[in-house]
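These are the residues of each chain, in order.
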Amino acid sequence: MTNRDKYFKGQQDKEEFVCFMRQHWIVLVKEFIYLIVFLLVCYFTLANIDSIQEVLRGNREMKLLFATAFFIGTLYIHRFFIKIFNYFLQVGIITDTRIVEHQKTLFMKDSMDSIDMAQIQNIERVGDGILPNLLGYGHIKIFLSASSAVKTFQYVPNAKFHFRLISRQKEIRQNQLAREHRQVASEAVANEVSNLSPSGKSNETPSQ
Amino acid sequence: MSVFTTLMIAILLASLTACLFVSSRIVAYNRKYHFNEITYTRLFRIFTKEHFAIIYAVFILMHSVFTTWFLLTL
């Protein structure tokens, strides 16, 4: 039984899923503040609905104004929930071989970027400020050995834990690749030795 | 039926359609991705996207009911 697409679309056959992460809830604070204001407006509207209906009866201009406000309010409700769903869809996935950043929204975006653990040179955890230290979130920067590119995961919750996890997975992966490389090298040497004749000369005939 | 009522009903129907479309996108996503949610991946350590899908549906339903009542009593 393979692990292909077991946890996420694009998971490879022998790839083991370790964990996934989303952004810290701090990125949604602004949206929830707006929601509270919106709910207060809805509450006062519903509390005074009789007065509003009195004003609207027979007044075409006020009805148009109310319809516009109603449309904007409806639009806002949908926008809020779509933002919440987009928050859930955007994930960072850590497996035994790579880190995958999946930037997805409901309608507009769907992009995946993966980094092989063996290509990671340095990992940096940035947690500057009062809120990051109090709430335990931060940015994780991954420096690649093959190029000067830097991959940043922003607003990572429990940043210390994810920093340690990525470091350990990187070490395991690089040790595994080093072992495989040594095994291949020793097999190549063994093949060379077995190709030699008992007198020490190669069994291969020289080309004429 | 007045222009105002027609407009309100059109907005209501568009809202319900949008809710259905968004829910279908969430279902399609869940078919491809099977992450096991733990405390630290939930919003405020409690809510998953399924919770919010239910809250969204209830919100839109209440919105429709109140709008219908408003139009009938106007």
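Here, the structure is the one placed above.
All figures in this text were calculated on a predicted structure; none of them were measured in a lab.

(A) Structural view of the overall build of chain A. Within chain A, the secondary structure is distributed over 5 helices and 7 strands. Walking chain A from its N terminus toward its C terminus, one meets helices and strands in the order β-α-α-α-β-β-β-β-α-β-β-α. Against the globule reference of 17 Å for 208 residues, chain A gives a C-alpha radius of gyration of 29 Å, more extended than a compact globule. In terms of overall dimensions, chain A has a C-alpha envelope of 115 × 40 × 35 Å along the principal axes.

(B) Local environment of the interface of chain A and chain B. At the interface, 26 residues of chain A touch 25 residues of chain B. For the side of chain A that touches chain B, the secondary-structure elements that each account for two or more residues are strand E1 (17–21), helix H2 (49–56) and helix H3 (60–89) of chain A. Sorting elements by how many residues they give to the side of chain A that touches chain B places H3 of chain A first, with 13 residues. Looking at side-chain class alone, the side of chain A that touches chain B contains 18 nonpolar, 4 polar and 4 charged residues.

(C) Just the sheet that holds strand E7 (residues 150–156) of chain A, in detail. Residue and element names in this part refer to chain A. Read from one edge to the other, the open sheet built from 3 strands follows the order E5-E6-E7, with strand pairing classed as antiparallel. With partners counted over all chains shown, the strands left at the sheet margins are strand E5 (120–126) and E7, one partner each. The sheet shows a mean angle of 15° between the axes of neighbouring strands, direction not considered. Sheet analysis places strand E6 (residues 138–144) next to E7, joined by 5 bridges and oriented antiparallel. Along E7, the bridge assignment pairs Gly-138 with Val-156. Of the strands in this sheet, E5, E6 and E7 touch helix H5 (residues 159–195), which is tilted by about 170° from E5.

(D) Spatial organisation of the sheet that holds strand E2 (residues 91–95) of chain A. Residues and elements named next belong to chain A. What the 4 strands build is an open sheet, ordered E1-E2-E3-E4; its pairing is antiparallel. Two strands close off the open sheet at either side, each with one partner strand: E1 and strand E4 (110–116). Strand after strand, the sheet turns through a mean of 15° between neighbouring axes, direction not considered. Pairing analysis gives 4 bridges linking E1 to E2, with the strands arranged antiparallel. Of the residues in E2, the one forming a bridge with Cys-19 is Ile-94. Each of E1, E2 and strand E3 (98–104) touches H5; the most contacted strand, E1, lies at about 150° to it.

(E) Spotlight on unusual backbone geometry. Residue and element names in this part refer to chain A. Even without a glycine there, the phi angle at Tyr-155 is positive, about 55°. Residue placement: Tyr-155 occurs in strand E7. When the 18 C-beta atoms within 10 Å are taken as the criterion, Tyr-155 is described as partly exposed.

(F) Fine view of the pairing of E4 of chain A. All names here are of chain A. Sheet topology places E3 next to E4; 7 bridges connect them, and they run antiparallel. Bridge assignment links Ile-99 to a residue of E4, and that residue is Ile-115. Connecting E3 to the next strand, E4, in antiparallel fashion are 5 residues.

(G) Broad picture of the packing of H3 of chain A against helix H1 (residues 3–32) of chain B. Two numbers describe how H3 of chain A lies on H1 of chain B: the axes approach to 10 Å, and their chain directions differ by 5°. The orientation of H3 of chain A relative to H1 of chain B falls into the category roughly parallel. Contacts between H3 of chain A and H1 of chain B involve Lys-63, Ala-67, Phe-70, Phe-71, Thr-74, His-78, Ile-82, Phe-85 and Leu-89 of chain A from the former and Phe-4, Leu-7, Met-8, Ile-11, Ser-15, Ala-18, Val-22, Ile-26 and Tyr-29 of chain B from the latter. Within the contact of H3 of chain A with H1 of chain B, the residues separate by chemical class into 14 nonpolar, 3 polar and 1 charged.

Cut-offs applied
- Residues numbered from 1 in each chain as written.
- Chains lettered and ligands numbered in written order.
- Predicted model: local features only at pLDDT ≥ 70, side-chain atom pairs only at ≥ 80, totals over all residues.
- Helix = DSSP H or I, 4+ residues; strand = E, 2+ residues; numbered from the N terminus.
- Rg over C-alpha atoms; globule rule 2.2 N^0.38 Å.
- Contact = placed C-beta atoms within 7 Å.
- Nonpolar A, V, L, I, M, F, W, Y, C, P; charged D, E, K, R; others polar.
- Pairing = 2+ DSSP bridges.
- Axes fitted to C-alpha atoms, helices over the stretch in contact; angles between N-to-C directions.
- Buried ≥ 20, exposed ≤ 12 C-beta atoms within 10 Å, placed from the backbone.
- Parallel < 35°, antiparallel > 145°, perpendicular 65-115°, else oblique.

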